[in-house]
Amino acid sequence: LVRAIRSEGLQLFSFESIDKDVVFWKISASLDTLRDIADKLLYNMPFNRQSYANVGQQVPLDLDGQGIYAYGAFKKNHAEDYHDFTSIDQIRLVLLELQSIVDIDDLLDQGIIARWFPAAKYEEMMKLHSEWVSFQCMSPRSWFPRGKDAD
């Protein structure tokens, strides 16, 4: 299984749980491998501002002034014409490539793996936590209206 995953250009890192009773695998891909996968799958990606300029066009704008970019099948030899892969794109591309190698449901059914999930980026989660809300500081009493606020 490890050889099959790595033979497709995916990177595999493994580490044990604190109790050493579970082994975790992190499967990822380099930018070049992501581009290969996207090209092979004709993955739809938004064109970037420079690609519009290259053909003498301006990016259409919505009512809020945000760009509305056309999408097209990714071509590795024109990678500079597309927006960068988002975290979601990266997860989808790695998952699609993994599914082309193995049947994840069969691995679960056979007990070869216990679970699988796309992992969040720690730095982004910490930023969200610090900027949005800190649940540690929330009191359950604040969830309900006080007597005089209920009226």
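Residues numbered from 1 in each chain as written. Predicted model: local features only at pLDDT ≥ 70, side-chain atom pairs only at ≥ 80, totals over all residues. Heavy atoms only, no water.

K.L.:
Report on the pattern of salt bridges, specifying residues and quantitative values.
P.N.:
This structure, assessed with the given rule, holds 4 salt bridges. The shortest N-O distance in the salt bridge between glutamate 16 and lysine 20 comes to 3.5 Å. Given the relative accessible area of 45%, glutamate 16 is considered partly exposed. Of the residues examined, lysine 20 reaches a relative accessible area of 60% and is grouped as exposed. Salt-bridge contacts for aspartate 32 lead to lysine 76; the nearest nitrogen and oxygen are separated by 2.9 Å. On the criterion of sequence distance, the pair formed by aspartate 32 in helix α2 (residues 31–41) and lysine 76 in the loop between β4 (71–73) and α4 (87–101) is long-range, its members being 44 residues apart. A relative accessible area of 43% means that aspartate 32 is categorised as partly exposed. For lysine 76, a relative accessible area of 29% corresponds to the partly exposed category. Put simply, Asp32, Asp36 and Lys76 are held in one network by salt bridges that share partners. (Salt bridge = Lys/Arg side-chain N within 4 Å of Asp/Glu carboxyl O. Buried < 20%, exposed > 50% of the residue type's maximum accessible area, 1.4 Å probe, protein only. Helix = DSSP H or I, 4+ residues; strand = E, 2+ residues; numbered from the N terminus.)

K.L.:
An account of the side chain of aspartate 89 is requested, with residue identities and associated values reported.
P.N.:
Mapped onto the fold, aspartate 89 is located in helix α4. In this structure the side chain of aspartate 89 is engaged in a polar contact, spanning 2.6 Å, whose partner is the side chain of tyrosine 43. Beyond its immediate stretch of four places on either side in the chain, aspartate 89 contacts Tyr43, Met45 and Asp84. (Polar contact = N/O pair within 3.5 Å; in protein donor to acceptor, adjacent residues only side chain to side chain. Contact = heavy atoms within 4.5 Å.)

K.L.:
Break down the pairing of strand β1 (residues 10–16) for me, with residues and values.
P.N.:
Of the pairings in the sheet, the one linking β1 to strand β2 (residues 23–29) comprises 7 bridges and is antiparallel in character. Following the sheet pairing, leucine 10 is matched in β2 by alanine 29. Joining the antiparallel neighbours β1 and β2 is a turn of 6 residues, in which lysine 20 adopts a positive phi near 60 degrees. (Pairing = 2+ DSSP bridges.)

K.L.:
Please give an account of the packing of α2 against α4 that cites residues and values.
P.N.:
The contact between α2 and α4 brings their axes to 10 Å, and the two run at 70 degrees. The pairing of α2 with α4 is recorded here as roughly perpendicular in orientation. Judged by residue contacts, Leu34, Ile37, Ala38, Lys40 and Leu41 of α2 engage Gln90, Leu93, Val94, Leu96 and Glu97 from α4. (Axes fitted to C-alpha atoms, helices over the stretch in contact; angles between N-to-C directions. Parallel < 35°, antiparallel > 145°, perpendicular 65-115°, else oblique.)

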